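Next come the chains, spelled out residue by residue.
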Amino acid sequence: MKFISTMKCSQLILLLIVSIVISCKSYEKGDLKTLRSSVFIAAENLHSPYSVGIFNDSLLIVGNYKSDFIIDIFNINDKKNVKSFKNDQKGLDLVSVTTIQTFVNNDYSFCINDILTNKLICFNKEIDDYKIKLDSSSLINLPREDYGKLLVGKNVWIGESRSSNGRLLLVDKDKQSLGFFLDYPSPDKISKYIDEKNNAKLYQPMFSLKPTMDRLAVATYGADLINVLNVKESNLEELWRRYRAYPNDIKLIKLGYDSLAVKSNRSKMYYHDITSNNHGFYLSYLGQAVSYYTKDYFSDKIYFYDWTGEKVITYNLDRKVVRIAINMDNSILYALSPDENGQLEIISFDIDHELL
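Residues numbered from 1 in each chain as written. Predicted model: local features only at pLDDT ≥ 70, side-chain atom pairs only at ≥ 80, totals over all residues. Heavy atoms only, no water.

Tracing the backbone through its elements, the reader meets serine 337 in strand E26 (residues 332–338). Of note is the side chain of serine 337, whose polar atom sits 3.2 Å from the side chain of arginine 319. (Helix = DSSP H or I, 4+ residues; strand = E, 2+ residues; numbered from the N terminus. Polar contact = N/O pair within 3.5 Å; in protein donor to acceptor, adjacent residues only side chain to side chain.)

Below, the structure written as structure tokens:
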């Protein structure tokens, strides 16, 4: 009897271990699905699209790159252009619209950010006026080159700090820095070559706020690394983290007396864009070797995570994409994709409603 009970106990332990391994694998890969695209707005009806966003599930916001028109707005129902903003208007002298952040129950409809001119500009609900919220001269005790992408939180701005190990930067409404958050480790084999500024370039974080503004999803271009953080009034707290790979294949180049750590043409690049709603966040995934001279920065795979990190879905796409935006009811994913002539057009994918 003792032997039998011992056997049963050991079998139960083995069964438990197997079930844990299986659950870990299923969390890692998630459900696998395929999405079929349809053309939403053809390239000939666009200027030079660089980013996309959805406002109120009724308007598609398109940010442009080096164009006479910096913003184009389309009605989602009839796909017609309802408004455009010229790039020579006061304050809108931008190089590109790097990010578009849309809002629910906010004083603003959306904000745009240009990391090359270090401007954050927000549009009112009627989308007939805008304000420059931040520019390169407005942040106190922070150099122009210190911050990159910027988002608007409830009582803070959230930015990428380029000169502090690629960490996130919080700035209050008085434009005072509240500190740096979310450390990124340096891989042991290259840590002696990486100073803080170069390490920021290795990771290149991108981030998206939940519409309720209490959760922040972060993914990195230079590493297979995802973080979700709780957003407090003046603090960020990490809730969970997932990683599979840190920066790899780093080489050194000599610049005068200094050595600079840069990616080689074998370095893998990972997450390329991020978009979110109340259900979770979507990541476009490269997962391939990309060098400075590579022109194919497009992804044919999308990962979905819910905000707890428990629900994971991998979407294989029938076309490659470069920028993505999900609507609020989680039914349609919009993306920029090259057409047969290599010109960017806007396509859409229907998302399963099982996630609702």
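Next, the rest of the story.
As a further point, take the side chain of serine 67. Within the element layout of this structure, serine 67 appears in the loop between strand E4 (59–64) and strand E5 (69–75). Of the polar contacts made by the side chain of serine 67, one reaches the backbone oxygen of phenylalanine 69; its length is 3.0 Å. Setting aside residues up to four positions removed in sequence, serine 67 forms contacts with His47, Ser48 and Asn87. (Contact = heavy atoms within 4.5 Å.)

Moving on, we come to the confidence of the model for the protein chain. Note: predicted coordinates in regions of low pLDDT should not be interpreted at a detailed level. Summarising the model, the protein chain shows a mean pLDDT of 80, and 74% of its residues fall at 70 or more. Considering only residues more than four positions removed or in separate chains, one finds that residues 189–193, a stretch of pLDDT under 50, has five contacts. (pLDDT = per-residue confidence, 0-100.)

Our focus in this paragraph is the packing of aromatic side chains. Across all of its chains, the model carries 16 aromatic pairs by this definition. Geometrically, the ring pair formed by tyrosine 50 and tyrosine 65 is stacked, given 5.5 Å between the ring centres and 25° between the ring planes. Highlighted residues: tyrosine 50 in strand E3 (residues 49–55) and tyrosine 65 in the loop between E4 and E5, separated in sequence by 15 residues. We classify tyrosine 65 as partly exposed; its relative accessible area is 34%. Here the aromatic rings of phenylalanine 85 and tyrosine 130 are separated by 6.3 Å at their centres, their planes lie at 85°, and the arrangement is edge-to-face. (Phe/Tyr/Trp six-rings, centres within 6.5 Å; stacked < 30°, edge-to-face > 60°. Buried < 20%, exposed > 50% of the residue type's maximum accessible area, 1.4 Å probe, protein only.)

All told, the structure shown has eight salt bridges when counted by the stated rule. The partner of glutamate 237 in a salt bridge is lysine 232, and the shortest N-O contact between them spans 3.2 Å. Between arginine 319 and glutamate 345 there is a salt bridge whose closest N-O contact spans 2.8 Å. Taken together, the residues arginine 319 in strand E24 (residues 312–321) and glutamate 345 in strand E27 (residues 344–350) connect sequence positions 26 residues apart. Judged by its relative accessible area of 7%, glutamate 345 is buried. In the salt-bridge network here, residues are joined through shared partners; they are Asp224, Arg242 and Arg244. (Salt bridge = Lys/Arg side-chain N within 4 Å of Asp/Glu carboxyl O.)

Our focus in this paragraph is the nonpolar core. Ile158, Leu168, Leu216, Val218 and Leu236 are the most contacted members of the largest nonpolar core, which has 30 residues in total. For this core, the secondary-structure elements that each account for two or more residues are strand E8 (108–114), strand E9 (119–124), strand E11 (147–152), strand E12 (156–161), strand E13 (168–172), strand E15 (205–209), strand E16 (215–220) and strand E17 (224–231). Tallying contributions element by element places E13 first for this core, with four residues. Those residues within four positions of valine 218 in sequence are excluded, and the remaining contacts are Leu168, Leu182, Tyr184, Pro205, Met206, Phe207, Leu225, Ile226, Asn227, Leu229 and Ile274. If you look at the next biggest cluster of nonpolar residues, it comprises 19 residues, including Ala219, Val228, Ile274 and Tyr305. (Core = buried A, V, L, I, M, F, W, Y, C linked by side-chain atoms within 4.5 Å.)

A few words on the sheet that holds strand E6 (residues 81–86). Taken in spatial order, the four strands of this open sheet run E3-E4-E5-E6, and their pairing is antiparallel. Of all the strands in the sheet, the pair left with one neighbour each is E3 and E6. For this sheet, the mean angle separating the axes of adjacent strands, direction not counted, is 20°. When E3 meets E4, the two strands line up antiparallel, connected through six bridges. Its bridge partner lying in E4, proline 49 is registered against asparagine 64. (Pairing = 2+ DSSP bridges. Axes fitted to C-alpha atoms, helices over the stretch in contact; angles between N-to-C directions.)

A separate point is the state of the cysteines. By the definition in use, this model includes one disulfide. One disulfide bridge connects cysteine 111 with cysteine 122, the sulfur atoms lying 2.0 Å from each other. Between cysteine 111 and cysteine 122 the disulfide shows an S-S torsion of about 105°. By sign, it is right-handed. Within this pair, whereas cysteine 111 is found in strand E8, its partner cysteine 122 is found in strand E9, the two being separated by 11 residues in sequence. Neither residue differs from the other here; cysteine 111 and cysteine 122 are each classed as buried. (Disulfide = S-S within 2.5 Å.)

Let us now look at the pairing of E5. Each regular strand displays side chains that alternate between the two surfaces of the sheet. Among the seven residues of E5, five are classified as buried, and the element is accordingly described as predominantly covered. The sheet contact formed by E4 and E5 spans five bridges and is antiparallel. If you follow isoleucine 61 over to E5, its bridge partner there is isoleucine 73. Hairpin connection between E4 and E5: a loop of four residues separates the two successive antiparallel strands, and lysine 66 in this loop has a positive phi of roughly 45°. Judged from the five bridges that link them, E5 and E6 form a sheet pairing that is antiparallel. Paired with phenylalanine 74 across the two strands is asparagine 81, which belongs to E6.

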